[in-house]
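# Tertiary structure, described
Listed below, chain by chain, are the residues.
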Amino acid sequence: MSKRPEHQAPPELFYNEDEARKYTQNSRIIEIQGQMTERCIELLVLPEDTPCLLLDIGCGSGLSGTVLEENGHLWIGLDISSAMLDVALERETEGDLILADMGDGVPFKPGCFDGAVSVSALQWLFNADKKSHHPVKRLYKFFSSLYASLSRSARAVFQFYPENENQLELLTSQAMKAGFYGGVVIDYPNSAKAKKFFLVLMTGGSAPLPKALGVDEEDSLQVKYSRREASKGARGKPLKNTRAWLLEKKERRRKQGKETKPDTKYTGRKRSGRF
Amino acid sequence: MKLITHNMLTSKCLKGVVTGYPLAINATDVKISEVDFNPEFISRIIPKLDWEVLWKAAESIGHSEGLPQTIDPKFEDNEEFLRKAHKVLLEVEVEEGYLTCPESGRQFPISKGIPNMLLTEAEVQ
Ligand SMILES: C[S@@+](CC[C@H](N)C(=O)[O-])C[C@H]1O[C@@H](n2cnc3c(N)ncnc32)[C@H](O)[C@@H]1O
């Protein structure tokens with residue numbers, strides 16, 4: 001059986017009382033979540049020495065929130081597991097907590113937050129735990145409502161555990177469709193252990209993505225899916241020339257009864273320059 | 001739930017609801033917890049608030065006493081004003097009760113200070 005928690009049970013069941021306690025007491029987990037939260041804060045590029053209001057998405061028992069506090073910020077946390085939130089209460093974290101499913105949208109009015117972080121939670125959105133769950137729709141609902149809840153030029157940074165390239169593409173395409181700029185920064189891409197994925201989303205215009213850690217200057221591979229502007233007319237459709245866009249186009253042709261090549265793993269790949 | 005959170009929270013994720021704001025508060029238990037006063041944070045947050053909603057929320061749970069009904073235009077230099085805002089925003093907490101969506105009437109329970117905004121499959125947009 002797969003080791004990924006997302007493959008085992010829906011999050012609100014996986015993070016039950018037992019797991020919530022085990023998770024929060026594990027010193028290795030505390031340390032890693034802390035380091036990754038620090039990196040998220042760095043990638044948020046908040047105004048210097050300014051106490052901010054941050055949203056912590058999938059805040060769990062508040063291990064990430066504790067680090068936000070240590071950095072002088074206030075936070076509101078959102079999580080789907082009441083057992084995890086109960087442990088956050090026990091730990092007397094300073095954040096205010098809300099029980100909610102991020103896939104149903106972020107329940108805040110426009111312009112609230114100076115930034116949003118999410119540590120080790122986003123991969124759960126690829127689950128379809130209920131009959132009505134459609135991951136792509138949930139991603140879009142999540143990103144578009146998050147976009148609205150951020151104040152101007154605020155960022156959202158997610159550390160997450162993607163399962164494959166396709167997920168990276170889906171995440172970025174749905175985030176861009178929702179109005180964000182940005183992409184995935186991969187720290188220590190050549191280390192099996194230290195490699196970490198961060199989805200960095202920006203509002204208020206495009207800006208260069210931050211540099212990944214642990215890569216050579218010339219090595220530009222650390223930043224993937226860095227996006228040019230998503231054209232306005234393309235709202236609702238995948239970005240032009242992406243694999244998703246191609247697949248959709250081919251599907252349309254097939255429906256119209258036109259001759260179409262079968263989809264393969266090569267569909268939408270860049271051809272090597274040698275041809 | 002602190003009133004700063006209430007000032008931002010909506011029920012707009014409900015199917016058929018447009019703004020879902022402000023949510024009405026019914027509180028059966030309110031507590032006051034001391035929080036360090038950070039005038040810089042309060043000053044930064046005030047322009048983002050709907051002050052009228054804050055005042056009415058405070059009143060509805062019996063904690064509007066002494067809270068000005070409008071924002072002092074020079075709030076940044078008015079420590080007394082900032083302290084009052086601080087108290088209402090961060091120290092007053094609704095422990096038990098429920099929130100009501102102004103458009104649909106749907107109620108969201110608050111238990112141990114945590115509003116339950118989970119939706120049923122039929123309520124999701
Ligand atoms: C690995 S924990 C991380 C918790 C915390 N951020 C930390 O760094 O310790 C992942 C959390 O994501 C939450 N989660 C998973 N799916 C969610 C969803 N759809 N909406 C809200 N939270 C979710 C889980 O309940 C869990 O608490």
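Residues numbered from 1 in each chain as written. Chains lettered and ligands numbered in written order. Predicted model: local features only at pLDDT ≥ 70, side-chain atom pairs only at ≥ 80, totals over all residues. Heavy atoms only, no water.

Let us now look at the overall build of chain A. Secondary structure assignment for chain A yields 8 helices and 8 strands. Buried positions account for 52% of the 275 residues belonging to chain A. Nonlocal contacts in chain A, meaning residues at least 24 apart in sequence, comprise 65% of its contacts between residues at least 6 apart. For chain A, the exposed area adds up to about 14100 Å²; of that, 50% sits on carbon and sulfur atoms. (Helix = DSSP H or I, 4+ residues; strand = E, 2+ residues; numbered from the N terminus. Buried < 20%, exposed > 50% of the residue type's maximum accessible area, 1.4 Å probe, protein only. Contact = heavy atoms within 4.5 Å. Areas by Shrake-Rupley, 256 points an atom, 1.4 Å probe, with all protein chains shown as cover.)

Residues and elements named next belong to chain A. Mapping N190 onto the fold places it in the loop between β6 (181-187) and β7 (196-202). Given a relative accessible area of 68%, N190 falls into the exposed group. Between the alpha carbons of N190 and E94 there is a distance of 37 Å; along the sequence they are 96 residues apart.

Contact residues are listed per partner, giving 32 residues for chain B and 34 residues for chain A. Across the chain B/chain A interface, buried area totals approximately 2700 Å², and carbon plus sulfur atoms make up 60% of it. Scanning the region where chain B abuts chain A turns up 3 salt bridges. For the salt bridge of D86 of chain A with K112 of chain B, the shortest nitrogen-to-oxygen distance reads 3.0 Å. Here chain B and chain A share 14 residue pairs in polar contact (both at pLDDT 80 or more) between them. Broken down by secondary-structure element, the contributors of at least two residues to the side of chain B that touches chain A are α1 (3-6), α2 (39-45) and β4 (114-115) of chain B. In terms of residue count, α2 of chain B provides more of the side of chain B that touches chain A than any other element does, 4 residues in total. Looking at the side of chain B that touches chain A residue by residue, the classes come out as 16 nonpolar, 7 polar and 9 charged. (Buried area = accessible area lost by both parts, 1.4 Å probe. Salt bridge = Lys/Arg side-chain N within 4 Å of Asp/Glu carboxyl O. Polar contact = N/O pair within 3.5 Å; in protein donor to acceptor, adjacent residues only side chain to side chain. Nonpolar A, V, L, I, M, F, W, Y, C, P; charged D, E, K, R; others polar.)

Before going further, it helps to spend a moment on unusual backbone geometry. Here Y21 of chain B and P22 of chain B are connected by a cis peptide whose omega angle stands at -10°. Among the structural elements, P22 of chain B can be located in the loop between α1 and β1 (24-32). For S120 of chain A, which is not a glycine, the phi torsion comes out positive at approximately 60°. One can find S120 of chain A in the loop between β4 (113-119) and α6 (135-149). In the Ramachandran plot, Y188 of chain A falls in the positive-phi region, its phi being about 45° despite a non-glycine side chain. Mapped onto the fold, Y188 of chain A is located in the loop between β6 and β7. In this structure Y188 of chain A comes out as partly exposed when scored by relative accessible area, which is 36%.

Turning our eyes to something else, we now look at the sheet that holds strand β3 (residues 107-111) of chain B. Residue and element names in this part refer to chain B. In space, the 4 strands of this open sheet follow the order β1-β2-β3-β4, with antiparallel pairing throughout. Every other strand in the sheet has two partners, leaving β1 and β4 as the edge strands with one partner each. When β1 meets strand β2 (residues 92-100), the two strands line up antiparallel, connected through 8 bridges. Bridge assignment links D29 to a residue of β2, and that residue is E96. The sheet contacts of helix α4 (residues 79-91) involve β1 and β2, and relative to β2 the element is tilted by about 60°. (Pairing = 2+ DSSP bridges. Axes fitted to C-alpha atoms, helices over the stretch in contact; angles between N-to-C directions.)

Residues and elements named next belong to chain B. By the element assignment, I46 lies in the loop between α2 and α3 (51-60). For I46, a relative accessible area of 0% corresponds to the buried category. Between the alpha carbons of I46 and I4 there is a distance of 9.9 Å; along the sequence they are 42 residues apart. If we skip the residues at most four places from it in the chain, I46 touches W51, I71, F75, F81, L82 and A85.

As a further point, take α6 of chain A. All names here are of chain A. Relative to the 21 Å expected for 15 residues at 1.5 Å per residue, α6 spans 21 Å between its end C-alpha atoms, a close match to the ideal helical length. Considered for burial, the residues of α6 that qualify are R138, L139, K141, F142, F143, S145, L146 and S149. Contacts from the buried residues of α6 go to β1 (53-57), β4, β5 (150-160), α7 (165-177) and β7. (Expected span 1.5 Å × (residues − 1).)

Shape is all these values report; function is a separate question.
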